[in-house]
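Here's the letter readout for the chains.
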Amino acid sequence: MTSPERKAPFVSFVGAGPGDPDLLTLRALRKLNEAGIVLHDALGTERILALLPASVRCVNVGKRAGRHSMPQEEINCLLVALAQRGKRVVRLKGGDPVIFGRLDEETAALAAAGIGYEIVPGITAASAAAASAGVSLTKRGEARRVQFVTGHTRDGETFDPVASAVTRDATSVIYMGRSAAAHIRGGLLAAGWPGDVPVLLVAGASQSGEARVTARLDRLEEAVLSLPRDLPLVMILGAAVVLVREGGVGSARRIEELRGSSRDLMGYART
């Protein structure tokens, strides 16, 4: 009797999205249900893991505010070893795997070992935070560009928002910027940004404990300290954030302007 044919080693990198299970893609949920073992991040995956069958083994390999439960090199080796043993491996990453998730390091290790992989995208924190606050990341004529910036730096380096191209004519979403708040404030003020420019801060976007606040740039550190430390934080700066301070696209003045136009258009709707 011959043994069943063993499948080639393979790893699925799955985006958990911002943490709300309702925001998982159908493909992501299918891959999770098919998994034999899931290596997951520490933040934004708790409610996702609760959906998994009891037979799925879950291993926490994530990081919290610089506290690593497992060094990156060990994660790489573990992925290779598990895949080579024929395990159905899912590497579950918060948000979208291709954004600030060290995906390149893990896929490089798999490629070097001749192991195939796939990437299942997820909703990134920038999109979830903007949706939660009811703002657009773009604004016609004023914010034509959106960029994702990491506030995390290598040991000994100082985060420089100007060098990272944080400019007023673009919407910049800064990930992992909690510890860099003082450098963000100082760098932008030194570059000529007014102190009263609003910054939207969202902690745990889409999660049950989500908290958000709009703060002046010159009071950024105080605002950061007011938010839960155990939730991932994003900062959104640029023209789109001004809408939050001014009441958003649904402000009373704008609604009155639109009412007249809508009355004129009702005739078309009835025909």
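Residues numbered from 1 in each chain as written. Predicted model: local features only at pLDDT ≥ 70, side-chain atom pairs only at ≥ 80, totals over all residues. Heavy atoms only, no water.

Novice: Would you mind showing me how to read the overall build of the protein chain here?
Specialist: Looking only at helices and strands, one finds nine helices and 12 strands in the protein chain. Burial statistics for the protein chain: of 271 residues in total, 42% are counted as buried. Considering only residue pairs separated by 6 or more positions, the protein chain has 68% of its internal contacts joining residues 24 or more positions apart. When the accessible area of the protein chain is evaluated, it comes to approximately 14,700 Å², of which 52% is carbon and sulfur surface. (Helix = DSSP H or I, 4+ residues; strand = E, 2+ residues; numbered from the N terminus. Buried < 20%, exposed > 50% of the residue type's maximum accessible area, 1.4 Å probe, protein only. Contact = heavy atoms within 4.5 Å. Areas by Shrake-Rupley, 256 points an atom, 1.4 Å probe, with all protein chains shown as cover.)

Novice: Is there a simple way to think about helix 6 (residues 181-190) in this case?
Specialist: Every α-helical turn comprises 3.6 residues, leaving residues that sit three or four positions apart pointing alike. Residues of helix 6 that are buried include every one of Ala181, Ile184, Gly187 and Leu188, and no others. Viewed end-on, helix 6 has its buried residues packed into an arc of 140°, placing them on one side of the element. Along its buried surface, helix 6 packs onto strand 9 (171-175), helix 7 (220-225) and strand 12 (233-237). Where helix 6 terminates, the next one or two residues include glycine 192, which has phi positive at roughly 105°. (Arc of directions from axis to C-beta.)

Novice: Looking at this structure, how should I read the environment of valine 59?
Specialist: Assignment of secondary structure puts valine 59 in strand 3 (residues 57-60). Sequence spacing of valine 59 and histidine 40 is 19 residues, and the spatial spacing of their C-alpha atoms is 6.2 Å.

Novice: Explanation requested: the packing of aromatic side chains in the structure shown.
Specialist: Ring pairs (aromatic) are described by centroid distance and by the angle formed between their planes. Under the criterion given, the structure shown has three aromatic pairs. Summarising the aromatic geometry, the rings of phenylalanine 100 and tyrosine 175 are spaced 5.3 Å apart at their centres and angled 65° between planes, so their arrangement reads as edge-to-face. Here phenylalanine 100, found in the loop between strand 6 (89-93) and helix 4 (103-112), pairs with tyrosine 175, found in strand 9; they are 75 residues apart in sequence, far enough to count as distant. Residue classification places phenylalanine 100 among the partly exposed residues on the basis of a relative accessible area of 36%. Since its relative accessible area comes to 10%, tyrosine 175 is described here as buried. (Phe/Tyr/Trp six-rings, centres within 6.5 Å; stacked < 30°, edge-to-face > 60°.)

Novice: Looking at this structure, I do not really get the sheet that holds strand 10 (residues 198-203). What am I missing?
Specialist: Across a sheet, strands are paired by hydrogen bonds formed along the backbone, either parallel or antiparallel in direction. On the basis of which strands lie adjacent, the open sheet formed by five strands has the order 8-9-12-10-11 and mixed pairing. Sheet topology places strand 8 (146-150) and strand 11 (211-216) at the edges, where each strand pairs with a single neighbour. Recorded for the sheet is a direction-independent mean angle of 20° between the axes of neighbouring strands. Examined bridge by bridge, strand 10 and strand 11 share six bridges and lie antiparallel to one another. Pairing of alanine 203 across the sheet is with alanine 211, part of strand 11. The strands touched by helix 5 (residues 125-133) within the sheet are strand 8, strand 9, strand 10, strand 11 and strand 12, with strand 12 carrying the most contacts at an inclination of about 70°. (Pairing = 2+ DSSP bridges. Axes fitted to C-alpha atoms, helices over the stretch in contact; angles between N-to-C directions.)

Novice: Can you walk me through the layout of surface pockets in this structure?
Specialist: In this approach a probe as big as a water molecule rolls over the atoms, and the regions it shows empty are the leftover space. In this model, the second largest pocket occupies a volume close to 330 Å³. Of all the elements in the fold, those that place two or more residues in the lining of the second largest pocket are strand 1 (10-15), helix 1 (26-34) and strand 6. Looking at the lining of the second largest pocket element by element, the count peaks at three residues for strand 1. Of the residues contributing to the lining of the second largest pocket, the split by class is eight nonpolar, two polar and seven charged. (1 Å grid on protein atoms, 1.4 Å probe; cavity = no way out; pocket = protein on both sides within 12 Å on 5 of 7 lines; lining within 4 Å. Points joined across faces, edges and corners; volume = space filled by probe spheres on them. Nonpolar A, V, L, I, M, F, W, Y, C, P; charged D, E, K, R; others polar.)

Novice: Explain the sheet that holds strand 1 to me, please; I cannot follow it from the model alone.
Specialist: Ordered in space as 3-2-6-1-7, the five strands form an open sheet in which the pairing is parallel. Two strands close off the open sheet at either side, each with one partner strand: strand 3 and strand 7 (116-120). Direction aside, the axes of adjacent strands within the sheet are offset by 20° on average. Across five bridges, strand 1 lies against strand 6 in parallel orientation. When the sheet's bridge partners are listed, valine 11 is paired in strand 6 with valine 89. Helix 3 (residues 72-84) contacts strand 1, strand 2 (37-40) and strand 6 of the sheet and is inclined by roughly 150° relative to strand 6. Those strands touched by helix 4 are strand 1, strand 6 and strand 7, and its axis lies near 170° from that of strand 1.

Novice: Help me understand the nonpolar core in this model?
Specialist: Inside soluble globular proteins, nonpolar side chains tend to come together where they are buried. Ranked by internal contacts, the top residues of the largest apolar core, which has 23 residues, are Ile184, Leu201, Leu220 and Met235. If you list the elements that add at least two residues to this core, you get helix 6, strand 10, helix 7 and strand 12. Once residues within four sequence positions are removed from consideration, leucine 220 is found in contact with Ala181, Ile184, Arg185, Val199, Leu201 and Met235. (Core = buried A, V, L, I, M, F, W, Y, C linked by side-chain atoms within 4.5 Å.)

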